[in-house]
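So the chains spell out like this:
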Amino acid sequence: MQARLLYVMDPMCSWCWGFAPVAEALAAQAAASGVPMYLVVGGLRRDRIAIDSATRVRYLSYWQAVNAGTGQLFNFDDGLPEGMLYDTEAACRAVVTVRHLDPPSAWPMARRIQQAFYQEGADVTKASVLVLLAEEVGIPRIEFAEAFDSSEQQLATAADFSWVQDLGIAGFPTLLAERDGQLALLTNGYQPLDALSPLLGRWLERAVDG
């Protein structure tokens, strides 16, 4: 029996930040049954226009909605500085790179990027910032930088984006349960833990017993 959770997310997706505690709890629930969680990055935004004051206000309204709906904390004062390019490819590629170099560190890397972006006001579109975050989760700086810049990891990131698009996944977070190549949708969009834990529990019972 080959089973795993597929968490389709983007580290610069505010609803994914809101969902982070839920995802972590569900990953622990699945791991207790021997089912790992695998991250797939979605490529939320590829904006090449610098954030201006009006755009910042609009994006911060999304953050406020997530804060109200999930209780996750945001740094509204320092987040989304004007002039930032809201292109999530680099942050996604950082997760893919760590997933390649040390698979168990992929989730800690995603969480660290989220924390830096949403709570510390860091510009996680910059490679210099991502290198430091990777080092914090245990990936040697030079090793990460070389892999991050490689065509291999650029292609691997593009492959994640294509896989997500081919499945028709339009929103994040999305959580799928996979068993022997068959996918079951647990959620497309934020749901609280008390709604998803029983659903995952029933799937785990069938997957493990089967």
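Residues numbered from 1 in each chain as written. Predicted model: local features only at pLDDT ≥ 70, side-chain atom pairs only at ≥ 80, totals over all residues. Heavy atoms only, no water.

1. So, the packing of helix α1 (residues 14-31) against helix α4 (residues 106-118)
Phase 1: As a packed pair, α1 and α4 sit with axes 10 Å apart at the nearest point and diverge in direction by 135°. With respect to each other, α1 and α4 are oriented oblique. By crossing handedness, the relation of α1 to α4 is classed as left-handed. Contact residues: α1 offers S14, C16, W17, A20, A23 and E24, while α4 offers W107, R111, Q114, Q115 and Y118. (Axes fitted to C-alpha atoms, helices over the stretch in contact; angles between N-to-C directions. Helix = DSSP H or I, 4+ residues; strand = E, 2+ residues; numbered from the N terminus. Parallel < 35°, antiparallel > 145°, perpendicular 65-115°, else oblique. Left-handed = near helix turned anticlockwise from the far one by under 90°. Contact = heavy atoms within 4.5 Å.)

2. Considerations on α1
Phase 1: In a regular helix each residue adds 1.5 Å, so 18 residues correspond to 26 Å; α1 covers 25 Å between its end C-alpha atoms and thus fits that length.
Phase 2: Along α1, the sharpest change in direction is near 50° and occurs at A20; proline P21 comes one to four residues later.
Phase 3: Within the span of α1, buried status applies to S14, C16, W17, G18, F19, A20, V22, A23, L26, A27 and A30. (Expected span 1.5 Å × (residues − 1). Bend = angle between axes of the 7 residues up to and from the residue. Buried < 20%, exposed > 50% of the residue type's maximum accessible area, 1.4 Å probe, protein only.)

3. Overview of unusual backbone geometry
Phase 1: The amide bond that connects F172 to the next residue, P173, takes the cis arrangement and shows omega of 0°.
Phase 2: Topologically, P173 is positioned in the loop between α7 (151-167) and β5 (174-179).
Phase 3: Phi at L80 is positive, roughly 55°, even though this residue is not glycine.
Phase 4: You can see L80 is positioned in the loop between α2 (53-70) and β4 (85-87).
Phase 5: For L80, a relative accessible area of 1% corresponds to the buried category.
Phase 6: In the Ramachandran plot, D180 falls in the positive-phi region, its phi being about 50° despite a non-glycine side chain.
Phase 7: Assignment of secondary structure puts D180 in the loop between β5 and β6 (182-188).
Phase 8: When its relative accessible area of 45% is taken as the criterion, D180 is described as partly exposed.

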